[in-house]
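Survey of secondary and tertiary structure
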Amino acid sequence: MMRVLAGLLVLLWFQAFSVVRASAGDLGCNLFFCLKLTVGDDDIMTFEVKPIFEPFGWVGLGWGRKMEGTHMVVMWHSEDGSPILSHRYGIGHVEPVLEPKPLRAATLVPPTVTIWPDKSRANYSTTAFRIPLNKTDPTPGTMIWAYATRQPDPVHTADLTGHYVAGTINMRLPHVYIPSLPELPVDDAHSILPHYQKVIWHGTLLSAGFLVLLPAGSLIARWGRTFTPRWVNAHRTLNFYVALPVIACGWVLGPLAVTDQQASHFSDLHQICGLLLFALYIAQLFVGRYIHSRRAVAERPAHPPPNILHVALGISSIGFAFFQIHSGFGEWSMHMHQDVSQWCRDALTIWAVILPILYFGGLVLLKRQLAQEKQGEAYEISSMGKSYMSLSNTPIFDSEHDIDVDIPTYSEIESNVPLLSRAP
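Procedures and definitions
Residues numbered from 1 in each chain as written. Predicted model: local features only at pLDDT ≥ 70, side-chain atom pairs only at ≥ 80, totals over all residues. Heavy atoms only, no water. UniProt positions renumbered as here; feature names shortened; annotations may be inferred. Axes fitted to C-alpha atoms, helices over the stretch in contact; angles between N-to-C directions. Helix = DSSP H or I, 4+ residues; strand = E, 2+ residues; numbered from the N terminus. Parallel < 35°, antiparallel > 145°, perpendicular 65-115°, else oblique. Left-handed = near helix turned anticlockwise from the far one by under 90°. Contact = heavy atoms within 4.5 Å. Nonpolar A, V, L, I, M, F, W, Y, C, P; charged D, E, K, R; others polar. Salt bridge = Lys/Arg side-chain N within 4 Å of Asp/Glu carboxyl O. Phe/Tyr/Trp six-rings, centres within 6.5 Å; stacked < 30°, edge-to-face > 60°. Buried < 20%, exposed > 50% of the residue type's maximum accessible area, 1.4 Å probe, protein only. Lys NZ or Arg CZ within 6 Å of the ring centre and 35° of its normal. Patch = residues over 30% accessible without salt bridge, like charges linked within 9 Å, V, L, I, M, F, W, Y side chains within 5 Å. Areas by Shrake-Rupley, 256 points an atom, 1.4 Å probe, with all protein chains shown as cover. Core = buried A, V, L, I, M, F, W, Y, C linked by side-chain atoms within 4.5 Å. pLDDT = per-residue confidence, 0-100.

The name that an unreviewed UniProt entry assigns to the chain is Cytochrome b561 domain-containing protein, with the source organism given as Mycena pura. The heading Subcellular location (unreviewed entry) in the UniProt record of the chain holds the text "Membrane".

This is the structure we're talking about:
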């Protein structure tokens, strides 16, 4: 089943994948920079790069399929806006080392492109350089790229700050293809779950966990507690046994997807808030387990502080999840370079209105709940110990408190001896 779903996701992804193919000039843009490549009759390649994502730190291009063993050119601007070019060599998933004597030296040249096909208002200048064509590989093939938001010192030997995002560009001369989605690294194609599937499952699992399973458990607790002491079994099953693995799996896929792109962890608001939201959920689970372990304590008040904290954490985590998922829509648009379907946004908005009405509407039963807790002791249930619904020993039959209590009654089926023939 998982293979079938994965196959469908691949087909959908290829359908959504779009490229900007230059009809003349061999240029295109992704979210972070625009690139133009031309090859002259003298076998000299000219690259022109314009940053369009703010803030701009540095941008690097490498002639290879992964960081390790790849020759690179890294560009950034000095304080006066003049371009700085530095040759680097990748030795792994660490800062590439300075390459003082590259096999093919790049030379800065004046740019020729004045109008780029991007919608950004960034006012960064274009950097252009020339480099000899690799005669052993006439088609440059797959190039890697990286983009950083922090600028190094204004010397070509400066230490590079960590990149913000990285990807690949599949180049085929005489045209250059700039993907509107960052392509997968070659190594990722052999992984159990490719990058784009990690991102999709990350959002799907967390949305299901925080906006379906946890609200369902909360609604059961709010509405069911005045009707049956068994509500806690359903509440605990949904919020712990079902939601925990779903949320944990979805959360772990987030850092794995960031690692695929060789980007920095917990470097933006969405990532930091995701960590806080997960911690909030785990804290609520611990408080819930503590409450359950103390349910049979003698003279325990009906609503001790841990119970109130448990409710507050639950409401806060679900409310926080709405903000986080809305933030995730922006992350998808930024890093996957396509907008979220409008029905997703509409569904989130509608559910954000309906869910509070359903939950707080359950407060109409609050008077009934308090009356039950005040009037008597809880049921004794052999499988649970003390019940989570306090009921009086004597039923309350009036217009305000209509409580159904099962009263044992005699049945002739219980005995083969007629009632009047029994011994006194």
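Still more ground to cover, so stick around.
1. Examining the packing of helix 3 (residues 231-260) against helix 4 (residues 269-293)
Contact geometry of helix 3 with helix 4 gives a least axis separation of 11 Å together with a crossing angle of 155°. Taken together, helix 3 and helix 4 sit at an angle that is classed as roughly antiparallel. Here helix 3 runs over helix 4; the crossing is left-handed. Counted together, R236, N239, F240, A243, L244, I247, A248, W251 and V258 of helix 3 and Q271, G274, L275, F278, Y281, I282, L285, R289 and H292 of helix 4 form the full contact between these two elements. Grouping the constituent residues of the contact of helix 3 with helix 4 by class yields 12 nonpolar, four polar and two charged.

2. A closer look at the pattern of salt bridges
Taken as a whole and assessed by the stated rule, the structure comprises one salt bridge. R88 is the salt-bridge partner of E95, the closest N and O atoms lying 3.7 Å from each other.

3. Here we look at the packing of aromatic side chains
Any two aromatic rings considered together are summarised by their centre-to-centre distance and by the angle between their planes. Applying the stated criterion to the full structure yields 17 aromatic pairs. Between F53 and Y147, the aromatic rings sit 6.1 Å apart at their centres with planes inclined by 85°, giving edge-to-face as the arrangement. Here F53 is found in the loop between strand 4 (44-51) and strand 5 (58-63), whereas its partner Y147 is found in strand 11 (residues 141-148), with 94 residues between them in sequence. Residues F53 and Y147 agree in their burial class; the two are buried. Measuring from ring centre to ring centre gives 4.9 Å for W251 and F278, while their planes differ by 20°; the resulting arrangement is stacked. On the criterion of sequence distance, the pair formed by W251 in helix 3 and F278 in helix 4 is long-range, its members being 27 residues apart. In this structure an aromatic cluster arises from ring pairing among F32, F33, F53, F56, Y124, W145, Y147 and Y164. R104 extends its terminal NZ or CZ atom over the ring of W63, reaching a point 5.4 Å from the ring centre. Stacked on the ring of F240, the Lys or Arg R289 has its end atom at 5.7 Å from the ring centre.

4. Thoughts on a nonpolar patch on the surface
On the surface, a cluster of nonpolar side chains totalling about 480 Å² of accessible area is made up of V311, I315, F360, L363, L366 and L370. Contributions of two or more residues to the nonpolar patch are made by helix 5 (305-336) and helix 7 (366-375). Relative to the helices and strands, F360 resides in helix 6 (residues 342-361).

5. Points about the nonpolar core
Within the largest apolar cluster, 25 residues are counted, with the highest numbers of intra-cluster contacts made by F33, F47, L61, F129 and Y147. Among the secondary structure elements, those contributing two or more residues to this core are strand 3 (33-39), strand 4, strand 5, strand 6 (71-77), strand 10 (127-132), strand 11 and strand 12 (165-172). A243, I318, A321 and V340 belong to the second largest nonpolar core, which has 21 residues in total.

6. Let's talk about the confidence of the model for the chain
Predicted coordinates in regions of low pLDDT should not be interpreted in detail. Overall, the predicted model of the chain reaches an average pLDDT of 77, with 71% of residues at or above 70. Put simply, strand 1 (residues 19-21) is where the chain has its lowest mean pLDDT, 35, and strand 7 (residues 83-89) is where it has its highest, 95. Residue range residues 4-25 is modelled with pLDDT below 50. Its contacts to residues more than four positions away, or to other chains, number 35 contacts. When the criterion is pLDDT under 50, residues 377-387 qualifies, and its contacts beyond four places in sequence or with other chains add up to 32 contacts.

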